[in-house]
Amino acid sequence: MSAEPVYRPAYVAGGGGLLDVAEAIAADWAAVGVRGSFLARNLDSGEQLGFGVDEMMPLASVVKVPLALVVLDRIAAGELDPAHPVTVDPATNSVGPTGLAAFRHPATVAVGDLLLLMLSVSDNAAADALFGLVPVADVDARLRAWGCDGIRVRHRMNHMYECAAGAAGNDFSLALELAVRDERAGRHTIETLDPAHANLGSASALVDLLQRVWADEISRPRATAELRRLMGFQVFTQRLAGELRADTLRWSGKTGTFLHLRHEIGVVQAESGDRIAMAALTRADRRAGQAPDIDLAIGIGARQAFEALRG
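Definitions and limits used
Residues numbered from 1 in each chain as written. Predicted model: local features only at pLDDT ≥ 70, side-chain atom pairs only at ≥ 80, totals over all residues. Heavy atoms only, no water. Helix = DSSP H or I, 4+ residues; strand = E, 2+ residues; numbered from the N terminus. Rg over C-alpha atoms; globule rule 2.2 N^0.38 Å. Buried < 20%, exposed > 50% of the residue type's maximum accessible area, 1.4 Å probe, protein only. Contact = heavy atoms within 4.5 Å. Areas by Shrake-Rupley, 256 points an atom, 1.4 Å probe, with all protein chains shown as cover. Lys, Arg positive; Asp, Glu negative; His and termini not counted. Charge placed at Lys NZ, Arg CZ, Asp CG, Glu CD. Core = buried A, V, L, I, M, F, W, Y, C linked by side-chain atoms within 4.5 Å. Phe/Tyr/Trp six-rings, centres within 6.5 Å; stacked < 30°, edge-to-face > 60°. Pairing = 2+ DSSP bridges. Polar contact = N/O pair within 3.5 Å; in protein donor to acceptor, adjacent residues only side chain to side chain. pLDDT = per-residue confidence, 0-100. Expected span 1.5 Å × (residues − 1). Axes fitted to C-alpha atoms, helices over the stretch in contact; angles between N-to-C directions. Parallel < 35°, antiparallel > 145°, perpendicular 65-115°, else oblique. Left-handed = near helix turned anticlockwise from the far one by under 90°. Nonpolar A, V, L, I, M, F, W, Y, C, P; charged D, E, K, R; others polar.

### Things to note about the overall build of the chain
Within the chain, the regular secondary structure consists of 10 helices and 11 strands. Here the chain has a C-alpha radius of gyration of 19 Å; the compact-globule value for 311 residues is 19 Å, and the two agree. Structurally, the chain occupies a C-alpha span of about 50 × 50 × 35 Å along its principal axes. With 311 residues in all, the chain has 53% of them scored as buried. For the chain, restricting intrachain contacts to residue pairs at least 6 apart in sequence, the fraction spanning at least 24 positions comes to 68%. Per element, the accessible surface of the chain, about 13,100 Å² overall, is 50% carbon and sulfur. Side chains of the chain carry 30 positive and 38 negative charges; the gap between the two charge centres is 2 Å.

If you want it as structure tokens, here you go:
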């Protein structure tokens with residue numbers, strides 16, 4: 001029986017030892033049982049480092065960033081009122097542990113506050129309420145019109161859980177086992193983990209999107225400014241931002257977690273003016289609902305990249 005081939009990602013890096021940093025991050029990820037993509041880019045110099053940057057991967061809750069931008073674009077165009085009230089009923093709610101998704105009683109929330117809940121605590125019910133106002137096909141079409149060809153939006157958030165339940169019933173542990181097994185086999189029992197059906201993106205496409213948002217080169221300045229503000233409220237900072245906590249640094253980001261997927265994208269800005277955009281998209285090769293060692297490896301990689309790329 002032949003041994004499983006060694007995973008060797010393709011690297012991108014400028015000079016000055018950046019390739020060494022990218023290789024070190026990839027090695028640290030492999031040591032804790034993680035494959036995936038990583039890209040960090042200095043938004044001002046253009047210097048970057050990473051690996052596997054063009055691999056397309058299911059996005060989980062990272063898709064909430066392009067969704068938010070499309071909704072904010074509608075608001076900036078005067079097509080949607082941020083004060084418009086939306087009632088979310090738990091009887092028809094989306095699954096999730098935070099925000100409206102965890103509510104037991106109907107709640108009415110303004111569109112602007114749905115955006116806040118979606119980006120700050122990754123509220124799936126808030127996201128799907130926004131998809132109710134701006135349908136999936138419209139979000140995807142707007143991304144195409146903006147030239148974001150490396151990001152695809154194909155389904156609402158709750159569809160991930162519906163597909164997992166369809167494959168494993170209410171046994172989330174079994175769903176996680178199926179996800180890991182299928183990853184090794186190259187097939188997907190859970191449809192929303194299949195690149196042919198999932199909300200999809202690459203590290204390079206996501207960093208490109210962040211760069212355009214931070215430079216006001218996509219949508220409208222009113223929309224991009226609000227997206228930057230809202231991403232600054234993110235509560236979950238255990239991954240990319242985990243080793244970047246300091247009074248002199250400001251992090252704006254969005255995580256994505258589903259079964260064996262642990263992602264994050266964002267921008268770290270220093271008082272010195274350095275601005276580094278990052279995307280980490282990871283797949284674990286073990287059945288662990290909690291994996292602080294993986295989060296730590298992602299955070300250490302982010303710190304290494306930040307230090308290597310800052311001016």
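### Let's talk about the nonpolar core
The biggest cluster of nonpolar side chains holds 77 residues, and the ones touching the most others in it are Val71, Leu115, Met118 and Leu227. Looking at which element gives the most residues to this core, the answer is helix H2 (residues 64–76), with 9 residues. The residues touching Leu115, leaving out its near neighbours within four places in the chain, are Ala68, Val71, Leu72, Ile75, Leu130 and Leu230. Counting 30 residues, the second largest nonpolar core, distinct from the first, contains Ala22, Trp251, Ala270 and Ala284.

### A look at the packing of aromatic side chains
Inspection of every chain in the model, using the stated rule, returns 5 aromatic pairs. Judged by centre distance (6.0 Å) and plane angle (75 degrees), the ring pair of Trp29 and Phe38 falls under edge-to-face. Comparing Trp29 with Phe38 shows no difference in burial state: the two are buried. Summarising the aromatic geometry, the rings of Trp29 and Phe51 are spaced 5.2 Å apart at their centres and angled 80 degrees between planes, so their arrangement reads as edge-to-face. On the criterion of sequence distance, the pair formed by Trp29 in helix H1 (residues 18–31) and Phe51 in strand S3 (residues 48–51) is long-range, its members being 22 residues apart. Put simply, the rings of Tyr11, Trp29, Phe38 and Phe51 pair up and form one aromatic cluster.

### Observations regarding the pairing of strand S10 (residues 261–270)
By the criterion of burial, S10 is predominantly enclosed, with 9 of the 10 residues buried. For strand S9 (residues 249–258) and S10, the ladder comprises 10 bridges, and the chain directions are antiparallel. Along S10, the bridge assignment pairs Thr257 with Arg262. Hairpin connection from S9 to S10: 2 residues lie between these consecutive antiparallel strands, with Leu259 at a positive phi of about 55 degrees. Relative to strand S11 (residues 275–284), S10 runs antiparallel, the two being bridged by 9 bridges. If you follow Gln269 over to S11, its bridge partner there is Arg275.

### Regarding the side chain of Ser122
If you trace the backbone, Ser122 turns up in the loop between helix H3 (111–120) and helix H4 (124–133). There is a polar contact of 2.8 Å between the side chain of Ser122 and the side chain of Lys254.

### As for the confidence of the model for the chain
The pLDDT averaged across the chain works out to 94; a share of 98% of its residues lies at or above 70. Low pLDDT, under 50, characterises residues 1–5; the predicted model gives this stretch 2 contacts beyond four residues in sequence or across chains.

### Regarding unusual backbone geometry
In most cases, non-glycine residues show a negative phi, while peptide bonds are predominantly trans. Although it is not a glycine, Ser122 adopts a positive phi angle of roughly 55 degrees. Residue Ser122 is classed as buried on the basis of its relative accessible area, which comes to 13%. You will see that Leu259, though not glycine, has its phi angle at about 55 degrees, which is positive. Counting through the fold element by element, Leu259 comes out in the loop between S9 and S10. The class for Leu259 is buried, based on a relative accessible area of 7%.

### Points about helix H8 (residues 203–214)
With 12 residues, H8 ought to run about 16 Å at 1.5 Å a step, and its terminal C-alpha atoms sit 16 Å apart, in line with that. Most of H8 is tucked away: 9 of the 12 residues are buried. Looking only at H8, the buried set comprises Ala203, Ser204, Ala205, Leu206, Val207, Leu209, Leu210, Val213 and Trp214. Asp216, located one to two residues past H8, shows a positive phi value of around 55 degrees.

### What about the side chain of Thr98?
Checked against the element boundaries, Thr98 lands in the loop between strand S5 (85–88) and strand S6 (107–110). What makes Thr98 buried here is its relative accessible area of 17%. Here Thr98 is in contact with Val121, Ser122, Asp123 and Phe236, once residues within four sequence places are set aside.

### A word on the packing of H3 against helix H9 (residues 221–231)
Look at H3 against H9: their axes get within 9 Å of each other, and the N-to-C directions meet at 50 degrees. Taken together, the axis directions place H3 and H9 in an arrangement best described as oblique. The two elements H3 and H9 meet at a crossing, and its hand is right-handed. On the side of H3, the interface is formed by Leu115, Leu116 and Leu119, while H9 contributes Leu227, Leu230 and Met231. Along the lines of polarity and charge, the residues of the contact of H3 with H9 split into 6 nonpolar, no polar and no charged.

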